[in-house]
Structure formats: structure tokens, C-alpha cells
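Below, each chain spelled out in residue letters.
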Amino acid sequence: MTRPTYEVEYEQMLLSRHELLRRRPVALDRSAYVLLSRIRVQGPMSIGELSDAFGLDASTLNRQTAAAMRSGLVERIADPTGGIARKFRITDKGARLLDEQRDSIVRSLDRVMADWSDDDISAFAAYLRRFNRDIERLSQRPWPRP
């Protein structure tokens, strides 16, 4: 008998290839979308905090934040708590594009799940949350949720 985790792997691979969920104007690339989402939930963050949160080296985060700054999605500010490290804060433009992208994704999901009951959607979300939290527990990188 094949372990059920093989089914999960296969379905996850299929999910990543579906064009329906990607058919929208690309306002933000994936890294900017995730970066802005994290800063929105947690508040202004330094390169060190972002590095810890994402498990990426500082040079990778420097490139990502520099690109986001050039695009006007984030800005550097003094640490609101008085620390010496400068932090990145989402701009109005970044917030607007993040909201537009998220709304577009939700509309796609609404189309996919049009025949699902609210209870089924809630159960699916609960399983995804549990799956993500277990990954976060193993990686020791919890993701704040609104």
C-alpha cells in the first residue's frame, strides 16, 4: 500500500501547475507578495528580522527589499521602538497592490470552489492551517496570522 503522503505530494504538485489560479494581472511577484504580507501582519521589520522570519540569508533579503523599494512597495524607516536598525514598512502603493492581488486570488478561489459549501471551505482552510503550522513548528519559524 502506498502511504497517503504520496497522494498529498502528488496533489500539491498538481496544484502548483494550475493556470486558473495564476490567470490574473501580475502586480506582484511571489517574493514581493509574501514579503508584503509578512510586513503587513507583523509591522515594520529589519533585514535581520526578515532573514530570521524567512530563513533566508541577509543578501537575499537585501536584493528583495531593494527591488521592493525601487518599485515603491516598501520604504525604510527608523525603528519605531528606538533601535538602531532601520526597518521596512509597507507603502500605500504596496498595500494597494497587495490588496488587489489578494482580491484577485480570492476571486479565483471563489470560482474554483463555487460548488463547495462554506463548511467544506472552512474545513479545507483548517487543514491547510494545520499543515502550515506543523511546517512552521518543524522549521521553528511561526508565521503570524491576522
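Above this text is the structure in question.
Not measured: the values here are computed from a predicted model.

## What about a nonpolar patch on the surface?
Logical step 1: Side chains of Val8, Phe131 and Ile135 sit close together on the surface and give an oily, nonpolar patch of about 280 Å² of accessible area.
Logical step 2: Judged by its relative accessible area of 47%, Val8 is partly exposed.

## What to know about helix 5 (residues 92-112)
Logical step 1: A rise of 1.5 Å per residue sets the reference length of helix 5, with its 21 residues, at 30 Å; its end C-alpha atoms lie 30 Å apart and thus fit the reference within 8%.
Logical step 2: Turning to helix 5, its buried residues are Gly94, Ala95, Leu97, Leu98, Gln101, Ser104 and Ser108.
Logical step 3: Where helix 5 is buried, its residues touch helix 2 (30-42) and strand 2 (87-90).

## Thoughts on the environment of Trp143
Logical step 1: For Trp143, the position within the fold is in the segment after helix 6 (118-139).
Logical step 2: The class of Trp143 is partly exposed, set by a relative accessible area of 25%.
Logical step 3: With 84 residues separating them along the chain, Trp143 and Ser59 place their C-alpha atoms 21 Å apart.

## Description of the environment of Asp92
Logical step 1: Here Asp92 shows up in helix 5.
Logical step 2: Sequence spacing of Asp92 and Arg141 is 49 residues, and the spatial spacing of their C-alpha atoms is 27 Å.

## Some details on the packing of helix 3 (residues 47-54) against helix 4 (residues 58-70)
Logical step 1: Running from N to C, helix 3 and helix 4 point in directions that differ by 110°, and their axes come no closer than 9 Å. Of the possible angle classes, the one that applies to helix 3 and helix 4 is roughly perpendicular. With respect to the hand of their crossing, helix 3 and helix 4 are arranged in right-handed fashion. Note on element contacts: helix 4 touches helix 3 through Ala58, Leu61, Asn62 and Thr65, opposite Ile47, Leu50, Ser51 and Phe54.
Logical step 2: Of the residues in the contact of helix 3 with helix 4, the class split is five nonpolar, three polar and no charged.

## Regarding the nonpolar core
Logical step 1: Formed by 19 residues in total, the largest nonpolar core has its most connected members in Leu28, Leu36, Ile39, Leu50 and Leu73.
Logical step 2: Broken down by secondary-structure element, the contributors of at least two residues to this core are helix 2, helix 3, helix 4, strand 2 and helix 5.
Logical step 3: In terms of residue count, helix 2 provides more of this core than any other element does, five residues in total.

## A look at the packing of aromatic side chains
Logical step 1: Counted according to the given criterion, the structure contains two aromatic pairs.
Logical step 2: A ring pair is formed by Phe54 and Trp143, whose centres lie 5.6 Å apart and whose planes are at 65°; its orientation type is edge-to-face. Placement of Phe54 in helix 3 and of Trp143 in the segment after helix 6 is noted, with a sequence separation of 89 residues between them.
Logical step 3: Directly above the aromatic system of Trp143 lies the positively charged group of Arg38, at a separation of 4.6 Å from the ring centroid.

## Comments concerning unusual backbone geometry
Logical step 1: Backbone geometry places Gln140, a non-glycine residue, at a positive phi of 60°.
Logical step 2: In this structure, Gln140 sits in the segment after helix 6.

## Focus: the pattern of salt bridges
Logical step 1: Counted by the stated rule, this structure contains seven salt bridges.
Logical step 2: The salt bridge partner of Glu49 is Lys87, with a shortest N-O separation of 3.2 Å. On the criterion of sequence distance, the pair formed by Glu49 in helix 3 and Lys87 in strand 2 is long-range, its members being 38 residues apart.
Logical step 3: Between Glu136 and Arg145 there is a salt bridge, with its nearest N and O atoms 3.0 Å apart.
Logical step 4: Overall, the relative accessible area of 13% leaves Glu136 in the buried class.
Logical step 5: Given a relative accessible area of 30%, Arg145 falls into the partly exposed group.
Logical step 6: Shared partners join several salt bridges into a network, and the residues in it are Glu49, Asp79 and Lys87.

About the criteria used
Residues numbered from 1 in each chain as written. Predicted model: local features only at pLDDT ≥ 70, side-chain atom pairs only at ≥ 80, totals over all residues. Heavy atoms only, no water. Patch = residues over 30% accessible without salt bridge, like charges linked within 9 Å, V, L, I, M, F, W, Y side chains within 5 Å. Areas by Shrake-Rupley, 256 points an atom, 1.4 Å probe, with all protein chains shown as cover. Salt bridge = Lys/Arg side-chain N within 4 Å of Asp/Glu carboxyl O. Buried < 20%, exposed > 50% of the residue type's maximum accessible area, 1.4 Å probe, protein only. Helix = DSSP H or I, 4+ residues; strand = E, 2+ residues; numbered from the N terminus. Expected span 1.5 Å × (residues − 1). Contact = heavy atoms within 4.5 Å. Axes fitted to C-alpha atoms, helices over the stretch in contact; angles between N-to-C directions. Parallel < 35°, antiparallel > 145°, perpendicular 65-115°, else oblique. Left-handed = near helix turned anticlockwise from the far one by under 90°. Nonpolar A, V, L, I, M, F, W, Y, C, P; charged D, E, K, R; others polar. Core = buried A, V, L, I, M, F, W, Y, C linked by side-chain atoms within 4.5 Å. Phe/Tyr/Trp six-rings, centres within 6.5 Å; stacked < 30°, edge-to-face > 60°. Lys NZ or Arg CZ within 6 Å of the ring centre and 35° of its normal.

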